[in-house]
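This is what each chain is made of:
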Amino acid sequence: MRKCSLNSINSVFAEIAKAATLYLPVDGKDGSAVYTKWEEGKVWSNALNTVRSPKDFFFPQTENLMAFKTAGKNIEIIDTRSESEDFVIFGVRACDVKSFEILDRVFLSEPVDTFYAARRAHGVIVSVACTKPSETCFCGTFGINPAEPAGDISAWKTETEVFFRANTEKGVALLSKIEGLTEECTDEAVDAQKEKISAIMKKLPLKDVTTDAFGGGKTMDYFNSPAWDELSQSCLGCGTCTFVCPTCQCYDIKDFNTGKGVIRYRCWDSCMYSEFTRMAHGNNRLSQKERFRQRFMHKLVYYPENNDGLFSCVGCGRCLAKCPISMNIVKVMKKIGGENK
Amino acid sequence: MQTITRDQLIEKAVSLLADGTVSCVLGWQKGEFDYDVTPVLFKNADELKANFVWNDFCGANFSKYLVTKAEKATGKVLVFLKPCDTYSFNQLLTEHRFNREKVYAVGIPCEGMVDVAKVKAICGDGIVSIDCGEKLSVTTLYGDEPTVIDAKDVLAERCINCKSKKHVAYDELLGEEGEVIASDRFDEVAKLEAMTPDERFAFWQGELSRCIRCNACRDACPACTCEKCVFDNPKSGVENKSPANSFEEKMFHIIRAFHVAGRCTDCGECSRVCPQNIPLHLLNRKFIKDINCFYGEYQAGAEVGSRAPLVDYTTDDLEPGEVFDRRDNNA
C-alpha cells in the first residue's frame, strides 16, 4: 500500500499524464461529473459517479471501422484504426470496473473484437472506493464491494489522503512511475474506511434487492409474465437507460456515403428503439413491451445463461436516476422476481 | 407544497370509477423513493389507494399518453392535468391526436414541481425520504437531522418561470383556478440574443456536444407525436442512432425545434427528461419569442383549433426579408 496527501494529488496526475493520456471525472458546468482529459487546472470531482459510464473508453458511442474508396472497378479498403496510445482512467467506481468484465466477455470472446481489444490493451484502470453511496446504489446485489474496487490499481480517498494498491502488472508499472510522489504505508486507514463503507452498505435502501429469482434457464418462467404489460406501459421508448448503462453493449453497423467513398462505422444501438435489429423481413419486436422485456431479460436471464451465471447489471443506479418515467431494473426485479420466488 | 391533497384526488378518482364515468385513471405511481414517480393507468380503487401518489415530484405531463392510452381504453380515461399540461392537451386536440370523447379531464392546481437535483445540491446524495409537507423535510443516509427546505428554493426551471396557473381545458376542476402569469421566461433567451454569434455558437456547442442522442426529449415531447419520426426512419437518409460529431447533434435539435415551432406550448418536458441537463427549452422559447415578436402574441394550446402563425397566411405577414433586417435587435 502506498499513499500521498490529497493536496498533492495534482502532482500525481501531472506525473501520470507525462507517460499516458489521463482521464478522470471532472465537474461539468451543470454540476454532474464527466470523464475529462486531465490537464493543469482540472480538478478531480467529488461526485459519486459520472452520468456517462467509462465504457465509452473501450466501446465509444461511434467509431469508424473501415473506409472504402472506389476507383473504376477497384475497391480499396482502408484501415481507419488509430488506437495506439496508452491511457489511464482514474477514479473508476467498483461497479463500473465490474462492467468491463461484462463487456470483455462479449467483445473478447471468439471472434475477438480487435477494436475493443486494442483499447483494453492500452488502457490502465485506477479504481477508487466509494465513501458515500447514493440511495440508487445496489452494487451489493451483484456481489460487488464498493470498498474493494478491482482494476489495475485500487485507490481509497480519505479527507486528507489517497491510498494506492497495485493489483496487476500494469498497475505495478503505473505505481512505480509515481513512486517518488507517494510513500509506503500500512493498511490501517484503508481498513478503517472499508469498515465505514460496509456499515453504510447495510443502511442502503436497496440493500435487499436480490437476484435469487433470476439467472440462466429462467426464460420461460418470465417471458410470458403479465407483469411486463404493467411495467412497460409508460415506457417512452427512449434510449436513456441503455446509453447511460455501463453494461449495455449493443451496436449497429452502418455505411456512410461521403460522396468520394464509404465509411463503415458502428454506433451504440438501443433495444428500446423501434429500428433495433430490424432485418429484411422487418422487426422481430413490434411493441414497446417486447423491447422493454428484451432489455431486462437480457440482463437477468439471457446473459447469465451464456456467461456462467454472471448478471449483466452492476447496480450503478444510473438508470434509476435518469429514466424519464422512473421505470428501472430494480422495479422489474422486485415485481417479476417477487412474484416468482 | 401542493394545495390539493392525494386523498382528494383519490376520492375524486374512486367516485368517477364507481359511477362509471371513467374506466381507468392515468395517475402517478409511487416508486422506490419519495421522488421517483411513474405514469400508470390505475384500474380500480385498491390500486389507487395503494400506489397513487401526488406530491411535489409529479412533474410528468400526461397529455401525450392520451394519444395511445385513450385509444386502447374500453371506456373513458380519467386524466389529472396540471395547468401547463392543459396547454399540451389542447394542442394535441387541435392536431386531432386523440379522441376527446374518450377522456375525462380533471384540472388540478399546481404550486410548482421540485427538481430533485436541486434538492441533492443542498442536502447531498443518499436521500432516504422526502416529506412533502408545508416544507420539504429531507432525510439522507449521511445527515443526522432532516434538512428542511422551502420548495420554492428547489423548483424546476420551468416552474420558476411558470407561465400559467390557469387551466385552459378540463371537464371538471378541483381546487381554485389560477391566472395566466407574466413570467420572466424569455429572460434567458434575451441573454443568448445579446451574445455575439461566436459566443452563442460556443454556448450551444458546449451544451449540445453533451447530447447522447437518447431521444428522451423527443419521446417525452407532447408536440412530437409523429408515428414515425424522420430520425427513426432508415429510408429518410437522416436516420441516426448516435451522434457522428457535435454538428450532427445541433442538426437534430434545431430541426426538432423547427418542427415543433408554433406547436410547442413550452411545457418544459424536454429539459426535465434530458439525462445530460441540456437546456433544450431555450431553443423552443427562442422560436416562441420570435413568433410573438414577428406575428403577435401567440400561445400554443391556449385554445383548441387556433391556427399557429407559421401555418396561417395573412396579407399582413411580414416578409422574410424583414426578419433579416431586424436581426440585430432580435437575432
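The rules behind these values
- Residues numbered from 1 in each chain as written.
- Chains lettered and ligands numbered in written order.
- Predicted model: local features only at pLDDT ≥ 70, side-chain atom pairs only at ≥ 80, totals over all residues.
- Pairing = 2+ DSSP bridges.
- Helix = DSSP H or I, 4+ residues; strand = E, 2+ residues; numbered from the N terminus.
- Axes fitted to C-alpha atoms, helices over the stretch in contact; angles between N-to-C directions.
- pLDDT = per-residue confidence, 0-100.
- Core = buried A, V, L, I, M, F, W, Y, C linked by C-beta atoms within 7 Å.
- Buried ≥ 20, exposed ≤ 12 C-beta atoms within 10 Å, placed from the backbone.
- Contact = placed C-beta atoms within 7 Å.
- Domains from an automatic or database assignment.
- Nonpolar A, V, L, I, M, F, W, Y, C, P; charged D, E, K, R; others polar.

Considering the sheet that holds strand 7 (residues 147–149) of chain B
Residue and element names in this part refer to chain B.
- With respect to topology, three strands assemble into an open sheet ordered 5-6-7, the strand pairing being antiparallel. The open sheet terminates on both sides in strands that have one partner only, identified here as strand 5 (127–132) and strand 7. On average, each strand axis in the sheet is inclined to that of its neighbour by 20°, with strand direction left out of account.
- Examined bridge by bridge, strand 6 (residues 136–140) and strand 7 share three bridges and lie antiparallel to one another.

Focus on the confidence of the model for chain B
- Overall, the prediction assigns chain B a mean pLDDT of 92, with 96% of residues at 70 or greater.
- Under the prediction, the complex receives an ipTM of 0.94, its pTM being 0.94.

Re the sheet that holds strand 11 (residues 251–257) of chain A
Residue and element names in this part refer to chain A.
- Pairing within the open sheet is antiparallel, and its four strands lie in the order 5-4-12-11. Each edge of the sheet is formed by a strand with only one pairing partner; in this case those strands are strand 5 (74–79) and strand 11. Between one strand axis and the next, the sheet turns by 20° as a mean value, whatever way the strands run.
- The sheet contact formed by strand 4 (residues 62–71) and strand 5 spans six bridges and is antiparallel. Among the inter-strand pairings, F68 is bridged to a residue of strand 5, identified as I77.

Quick look at the nonpolar core
- By size, the foremost hydrophobic cluster in this structure holds 164 residues, and its most contacted members are A:V126, B:V25, B:V79 and B:V114.
- For B:V79, the contacting residues outside a window of four places in its chain are B:L26, B:F62, B:L66, B:V103 and B:A105.

A few points about the domain arrangement of chain B
Residues and elements named next belong to chain B.
- For chain B, the assigned domains read domain 1 (6–113 + 162–173), domain 2 (116–154) and domain 3 (187–325).
- For domain 1 versus domain 3, the distance between C-alpha centres works out to 27 Å.
- Across the boundary between the two partners, domain 1 contributes 16 residues, which contact 16 residues of domain 3.
- When the residues that make up the side of domain 1 that touches domain 3 are grouped by side-chain class, the tally is six nonpolar, seven polar and three charged.

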